[in-house]
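Here's the letter readout for the chains.
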Amino acid sequence: MVIKTDKDMTNSTQRSIKRLSIAILIIGGITLAYLIWEMIAQLWVSSYIHPLTWNPEMKGWQIFILAARFIGITSLFILCCVFLHRTNKGLKDGDIFPKSNITLIRWAALVAGLLAFVHSNYEAVVKGESELMLESNTILIPLIVLLFAGLYKMAYLAEQDSKLAI
């Protein structure tokens, strides 16, 4: 019978989180590449399933939505990479909840709100329709992410409190 020590369980948890982080980065990278390829195809491949239809009356709006989608999905992926790097580095150093991740999650809430707004309007922009949509997800998604930022902050403070108690 093998008895696992706290150190063995910690190493096992760190390896599990590292593997999960790698899987998230691979799936996120594939998704990012697909979305960027889709945008490029819509812009420059006329035989694409849903090619972009330019509307001269709202070309600025179309460019804004397209740019916001590109910048938003790229920024969210980068924020995710930084979050996972800091988390894995923190686990290695014995810091379960790095404080710097709190601000990162708040920025992710802002980017998620922008992406929800862009997603609401993207289909109309691709079709060249002059339509502005505002869905409940535009507000709900950032609020949920901010809730997680608050929970993360509470976990960070609890970890600091337990360190002081020892």
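Preceding this paragraph is the structure being described.
Residues numbered from 1 in each chain as written. Predicted model: local features only at pLDDT ≥ 70, side-chain atom pairs only at ≥ 80, totals over all residues. Heavy atoms only, no water.

Let's talk about the overall build of the protein
A tally of regular secondary structure across the protein gives 4 helices and 0 strands. Relative to the globule expectation of 15 Å for 166 residues, the C-alpha radius of gyration of the protein, 21 Å, shows a markedly less compact shape. In terms of its C-alpha atoms, the protein occupies a principal-axis envelope of roughly 70 × 30 × 25 Å. By residue count, 31% of the 166 residues in the protein fall in the buried class. Partitioning the intrachain contacts of the protein with sequence separation of at least 6 by distance along the chain shows that 71% fall at a separation of at least 24. For the protein, the exposed area adds up to about 11100 Å²; of that, 69% sits on carbon and sulfur atoms. Considering the protein, the positive charge centre built from 15 side chains and the negative charge centre built from 12 side chains are found 11 Å apart. (Helix = DSSP H or I, 4+ residues; strand = E, 2+ residues; numbered from the N terminus. Rg over C-alpha atoms; globule rule 2.2 N^0.38 Å. Buried < 20%, exposed > 50% of the residue type's maximum accessible area, 1.4 Å probe, protein only. Contact = heavy atoms within 4.5 Å. Areas by Shrake-Rupley, 256 points an atom, 1.4 Å probe, with all protein chains shown as cover. Lys, Arg positive; Asp, Glu negative; His and termini not counted. Charge placed at Lys NZ, Arg CZ, Asp CG, Glu CD.)

So, the side chain of Glu-38
Following the sequence through the fold, Glu-38 ends up in helix 1 (residues 6-44). Non-local contacts of Glu-38, meaning those with residues more than four positions away in its chain, are made with Tyr-48 and Arg-69.

Quick notes on the packing of aromatic side chains
For the structure on display, the rule yields 5 aromatic pairs. Both rings, one in Phe-97 and one in Tyr-152, keep their centres 5.3 Å apart while their planes meet at 85 degrees; by these two values the pair is edge-to-face. Of the two residues, Phe-97 sits in the loop between helix 2 (59-93) and helix 3 (100-127) while Tyr-152 sits in helix 4 (residues 137-165), which places them 55 residues apart along the sequence. Its relative accessible area of 10% is what places Tyr-152 among the buried residues. The ring of Tyr-122 has Arg-69 lying over it, and the distance from NZ or CZ to the ring centre is 4.1 Å. (Phe/Tyr/Trp six-rings, centres within 6.5 Å; stacked < 30°, edge-to-face > 60°. Lys NZ or Arg CZ within 6 Å of the ring centre and 35° of its normal.)

Considerations on the packing of helix 2 against helix 3
Between two packed helices, what matters for the description is the angle formed by their axes and the separation of those axes. The interhelical angle for the contact between helix 2 and helix 3, taken along N-to-C directions, is 150 degrees, at an axis separation of 8 Å. In terms of axis orientation, helix 2 runs roughly antiparallel to helix 3. Judged by the sense of rotation from one axis to the other, the crossing of helix 2 with helix 3 is left-handed. (Axes fitted to C-alpha atoms, helices over the stretch in contact; angles between N-to-C directions. Parallel < 35°, antiparallel > 145°, perpendicular 65-115°, else oblique. Left-handed = near helix turned anticlockwise from the far one by under 90°.)

Some remarks on the environment of Lys-89
Of note, Lys-89 is situated in helix 2. For Lys-89, a relative accessible area of 48% translates into the label partly exposed. Each C-alpha atom, one on Lys-89 and one on Thr-13, is 13 Å from the other, the two residues being 76 residues apart in sequence.

What about the nonpolar core?
Counting residues in each nonpolar core, the largest one holds 10 residues, listed as Met-39, Leu-52, Ile-65, Leu-66, Ala-68, Phe-117, Val-118, Tyr-122, Val-125 and Val-126. Mapped by element, the contributors of at least two residues to this core are helix 2 and helix 3. In terms of residue count, helix 3 provides more of this core than any other element does, 5 residues in total. Sequence-distant contacts of Tyr-122, defined by excluding residues within four places in its chain, comprise Met-39, Gln-42, Ile-65, Leu-66 and Arg-69. Listed in part, the 8 residues of the second largest apolar core include Ile-73, Leu-79, Ala-108 and Leu-115. (Core = buried A, V, L, I, M, F, W, Y, C linked by side-chain atoms within 4.5 Å.)

Re the packing of helix 3 against helix 4
It is the contact of helix 3 with helix 4, at a shortest axis distance of 8 Å, that shows an interaxial angle of 170 degrees. Looking at the two axes, helix 3 sits roughly antiparallel to helix 4. On helix 4, the residues that touch Asn-101, Ile-102, Ile-105, Arg-106, Ala-108, Ala-109, Ala-112, Gly-113, Ala-116, Phe-117 and Ser-120 of helix 3 are Asn-137, Thr-138, Ile-141, Pro-142, Val-145, Leu-146, Phe-148, Ala-149, Tyr-152, Lys-153 and Tyr-156. Residues of the contact of helix 3 with helix 4, tallied by class, amount to 15 nonpolar, 5 polar and 2 charged. (Nonpolar A, V, L, I, M, F, W, Y, C, P; charged D, E, K, R; others polar.)

As for the layout of surface pockets
The rolling of a water-molecule-sized probe over the atoms marks out the regions of remaining empty space. In this structure, the largest pocket spans a volume of roughly 260 Å³. Leu-76, Leu-79, Cys-80, Phe-83, Leu-104, Ile-105, Ala-108, Ala-112, Val-145 and Phe-148 together form the lining of the largest pocket. Looking at the lining of the largest pocket residue by residue, the class counts come to 10 nonpolar, no polar and no charged. (1 Å grid on protein atoms, 1.4 Å probe; cavity = no way out; pocket = protein on both sides within 12 Å on 5 of 7 lines; lining within 4 Å. Points joined across faces, edges and corners; volume = space filled by probe spheres on them.)

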